[in-house]
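Each chain, letter by letter, is given below.
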Amino acid sequence: MKTTYREAVRAALREALQRDPRVFLMGEDVGRYGGTYAVSHGLLEEFGPERIRDTPLSESAFVGAGIGAAMAGMRPIVEVMTVNFSLLALDQLVNGAALLRHMSGGQVSVPLVVRMATGGGRQVAAQHSHSWEGWYAHVPGLRVLAPATLEDARGMLWSALQDPDPVLLFEHTTLYGAEGELADDAGPVDISRAAVRRPGKDVSLITYGGTLARTLAAAEALAKEGIDAEVLDLRVLRPLDTEAILATARRTRRAVIVDEGWRSGSLAAEVSARITEEAFYDLDAPVARVCSAEVPMPYPRHLEEAVLPQAAGIAAAARAVARHG
Amino acid sequence: MTSTDPPAAPSREHGQALLADMLRIRRFEERCAALYGEGKIRGFLHLYVGEEAVAVGVFQALRPEDAVVATYREHGHALLKGVSAGAVMAEMFGKATGCSRGRGGSMHLFDAATRFYGGNAIVGAGLPQAVGLALADHLRGERRVTACFFGDGAVAEGEFHESMNLASLWRLPVLFVCENNRYAMGTAIERHQAQLDLPLKARGYAVPAESVDGMDVLAVEAAARRAAGQVRSGQGPFFLEARTYRFRAHSAYDPELYRNKEEVEAWKQRDPIPALAAVLRAAGHLDDALLARLEGAADREVDEAVRFAEASPWEPVEDLLRDLVAAPGGEGGRP
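Rules and cut-offs
Residues numbered from 1 in each chain as written. Chains lettered and ligands numbered in written order. Predicted model: local features only at pLDDT ≥ 70, side-chain atom pairs only at ≥ 80, totals over all residues. Helix = DSSP H or I, 4+ residues; strand = E, 2+ residues; numbered from the N terminus. Rg over C-alpha atoms; globule rule 2.2 N^0.38 Å. Buried ≥ 20, exposed ≤ 12 C-beta atoms within 10 Å, placed from the backbone. Contact = placed C-beta atoms within 7 Å. Pairing = 2+ DSSP bridges. Axes fitted to C-alpha atoms, helices over the stretch in contact; angles between N-to-C directions. Parallel < 35°, antiparallel > 145°, perpendicular 65-115°, else oblique. Left-handed = near helix turned anticlockwise from the far one by under 90°. Domains from an automatic or database assignment. Nonpolar A, V, L, I, M, F, W, Y, C, P; charged D, E, K, R; others polar. Expected span 1.5 Å × (residues − 1). Core = buried A, V, L, I, M, F, W, Y, C linked by C-beta atoms within 7 Å.

Re the overall build of chain A
Here is step 1: Secondary structure assignment for chain A yields 12 helices and 14 strands.
Here is step 2: For 325 residues, the compact-globule estimate of 2.2 N^0.38 gives 20 Å, and the C-alpha radius of gyration of chain A, at 19 Å, lies within 12% of that figure.
Here is step 3: The principal-axis extents of the C-alpha atoms in chain A amount to approximately 60 × 45 × 40 Å.
Here is step 4: By the burial criterion, 57% of the 325 residues in chain A qualify as buried.
Here is step 5: Considering only intrachain contacts with a sequence separation of at least 6, the fraction spanning at least 24 residues in chain A is 78%.

Points about the pairing of strand S1 (residues 67-70) of chain B
Residue and element names in this part refer to chain B.
Here is step 1: Burial along S1 is two-sided: the face carrying Ala67 and Val69 and the face carrying Val68 and Ala70 are both buried.
Here is step 2: Judged from the three bridges that link them, S1 and strand S3 (residues 146-151) form a sheet pairing that is parallel. Its bridge partner being in S3, Val69 is matched across the sheet by Cys148.
Here is step 3: Of the strand pairs in this sheet, S1 and strand S2 (residues 116-119) are connected by two bridges, and their pairing is parallel. Paired with Val68 across the two strands is Phe116, which belongs to S2.

Some points on the packing of helix H1 (residues 12-37) of chain B against helix H2 (residues 52-59) of chain B
Residues and elements named next belong to chain B.
Here is step 1: At a closest axis distance of 10 Å, the pairing of H1 and H2 adopts a crossing angle of 135°. By the criterion of interaxial angle, the relationship of H1 to H2 is oblique. Handedness of the crossing formed by H1 with H2: right-handed. From H1, Leu18, Asp21, Met22, Ile25 and Arg26 reach across to H2, where they touch Glu52, Ala53 and Val56.

What about the domain arrangement of chain A?
Residue and element names in this part refer to chain A.
Here is step 1: In terms of domain boundaries, chain A breaks down into domain 1 (2-181) and domain 2 (195-323).
Here is step 2: Relative to domain 2, the C-alpha centre of domain 1 lies at a distance of 26 Å.
Here is step 3: With 22 residues of domain 1 at the interface, the matching set in domain 2 holds 21 residues.
Here is step 4: For the side of domain 1 that touches domain 2, the elements supplying multiple residues, two or more each, are helix H6 (133-136), strand S6 (143-145) and strand S7 (167-172).
Here is step 5: Across the side of domain 1 that touches domain 2, the residue classes tally to 10 nonpolar, nine polar and three charged.

Notes on helix H8 (residues 212-224) of chain A
Here is step 1: In this model, H8 of chain A (13 residues) spans 19 Å end to end at C-alpha, consistent with the 18 Å of a helix rising 1.5 Å per residue.
Here is step 2: Backbone geometry just downstream of H8 of chain A places Gly226 of chain A in the positive-phi region, at approximately 90°.

A few points about the pairing of strand S2 (residues 23-27) of chain A
Residue and element names in this part refer to chain A.
Here is step 1: Here S2 lies mainly inside the structure; five of its five residues are buried.
Here is step 2: Residue alternation in S2 divides its side chains into two sets, Val23, Leu25 and Gly27 and Phe24 and Met26, and both sets are buried.
Here is step 3: Bridge count for S2 against strand S4 (residues 75-82) is five bridges, and the pairing is parallel. Bridge pairing in S4 links Leu25 to Ile77.
Here is step 4: Examined bridge by bridge, S2 and strand S3 (residues 52-54) share three bridges and lie parallel to one another. Bridging across to S3, Leu25 finds its partner in Ile52.

Re the packing of helix H3 (residues 59-71) of chain A against helix H4 (residues 90-97) of chain A
Residues and elements named next belong to chain A.
Here is step 1: Close contact between H3 and H4 brings their axes to 8 Å; oriented N to C, the two are set at 25°. Considering their axes alone, H3 and H4 lie roughly parallel with respect to each other. Where H3 approaches H4, its residues Ser60, Val63, Gly64 and Ile67 are matched on the opposing element by Asp91, Gln92, Leu93, Gly96 and Ala97.
Here is step 2: In terms of residue class, the contact of H3 with H4 is built from four nonpolar, four polar and one charged.

Topic: the nonpolar core
Here is step 1: Counting residues in each nonpolar core, the largest one holds 204 residues, and the members touching the most others are Ala318 of chain A together with Leu175 of chain B.
Here is step 2: Per-element tally for this core: the top contributor is helix H9 (residues 217-232) of chain B, with 10 residues.
Here is step 3: Residues lining this core come from more than one domain, with at least three contributed by each of domain 1 (2-181) and domain 2 (195-323) of chain A.
Here is step 4: Once you skip the residues sitting within four places of it in the chain, Leu175 of chain B turns out to touch Val145, Ala147, Cys148, Ala227, Ala228, Val231, Phe238 and Leu240 of chain B.

Digging into unusual backbone geometry
A negative phi holds for most residues other than glycine; trans holds for most peptide bonds.
Here is step 1: For the bond from Arg238 of chain A to Pro239 of chain A, the omega torsion is -5°, close enough to zero to count as cis.
Here is step 2: With respect to the helices and strands, Pro239 of chain A occurs in the loop between strand S12 (236-238) and helix H9 (242-252).
Here is step 3: Of the consecutive residues Gly118 of chain B and Gly119 of chain B, the connecting peptide bond is found in the cis state with omega at 20°.
Here is step 4: Considering the arrangement of structural elements, one finds Gly119 of chain B in strand S2.
Here is step 5: With a phi angle near 65°, Arg253 of chain A is a residue other than glycine that sits in the positive phi range.
Here is step 6: Note that Arg253 of chain A resides in the loop between H9 and strand S13 (255-262).

Listed below in structure tokens is the structure:
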């Protein structure tokens, strides 16, 4: 069936609310407004205000309340409007959810799912265009997911709810309107493995989330030039699927990492380091990275485009790596 | 409303139980201080000496099924919730038999079995979590109370205000207990609060609130029973301020440059333990022999806890990643 990313997430929410009475959704404007990105539109009418809970603008309180409810055995889905605002709840996520199980000697389980919109590309300027998922992926105790496809938008949520530990789901804002075909019986998906989205033999393009589509576009452009690129979608930013990363790097012997985060201290840096540490002698070229320019996101379209990884830049980096040596 | 009427003397049995609880905590804390000096307990150590009447009074209004969220000055609260002194002491030692398997130490006592949810060393961070525990009870129709303890310092945190509003808006069963010991670490309340009437802040969020003399265990108990009763009956949260004082330094590292000895001595004159003992003596419920027996029992419990902690093993280093996440083959196995 034809659907959108937004509808796929909504279908996942609906399924979770139908299947598990412990599940409830809370966040800013998830109810009467229908969700900032219209993801939860209609759910208030269907499930009522006890399970679709509009919250005040109190990120720390409602994320912390999600932790408390999860500790007590509920399965809260907390929507933080965007990753930018999640910094107001950072203490609860990093000093709370992530470490409660370990710090309590294994007693306290926090089966919390936090969804948030991430990324730039909509001309909403510096305070609404961050990609902090790499920061969260730094933190032990969290599982960090980046659904980049309709299947993952539809299937990652239920799997995340089965995880007895906190899971953060990053939905790229530019993806909500993405249309495509989704199997009628699409359902839960694995949340531990990366996925090869395009097999190839000449160079590995490793990415996730909002830059997957542009990376695939770059691969198509490269194919016309006779460069056969493999595209690996990380899907799971923590714990990283090191095996899949090393496998693709060894297969093509060349790797480019595409990451919308800033380059310094980025997730791309971590992926690069793992390749260099464990597959250095299998490489034919240095690992390259395509990241966002290290400036606050400017508002005008042309400058925003200059900041973000684009297909042309990805292809150029891949070309340089493919021709190296 | 501020309760000023002195409550009547308690029954013999109940009065003795209150005294015994306060003595347990006092003796436990004093031993912790000594063990810190010996290097057996390390890191930060925040003692509750002087504030015992608050937790002991409030716990009279709680039931075993109620949840408790506390601060980093929470040894006494854990004991009162039913965590054994041995498990608490072993935790302070960092031993594997500690209530958090030794991983948390003094500031991070947990016990899921008794619904003791920490042990939080981030000031204010426990409040939203208490709201969530209460939200779970609300959603499941459970008539339980979540008691959330925090200090006057937490009242300056945004999370205090966010949590008051959210708990009130959703009428959640949280008993907020502010242990106002007049200092946010070393900053006197007059120097960190523009408005010293703390219940007024709660009332600003439509949360009913009361202040009570936190050095008087009977007054605390009476106020807590009223407050918890209201919360349990489904009327939403309640804010109880207990005005108290810590007799010892903020932590073992604190040279106490910010308050003078006269102030400390003046508060020590209001020590809640002799104060209750005097009430019980006047009522004929206590004599020297009984007091000695209660003290002896407290000392024996602490002695036994220390022996248990001393004899307990350390967690093997090989278990370092255990319980980072739950799933077998999860992240713990794939660093």
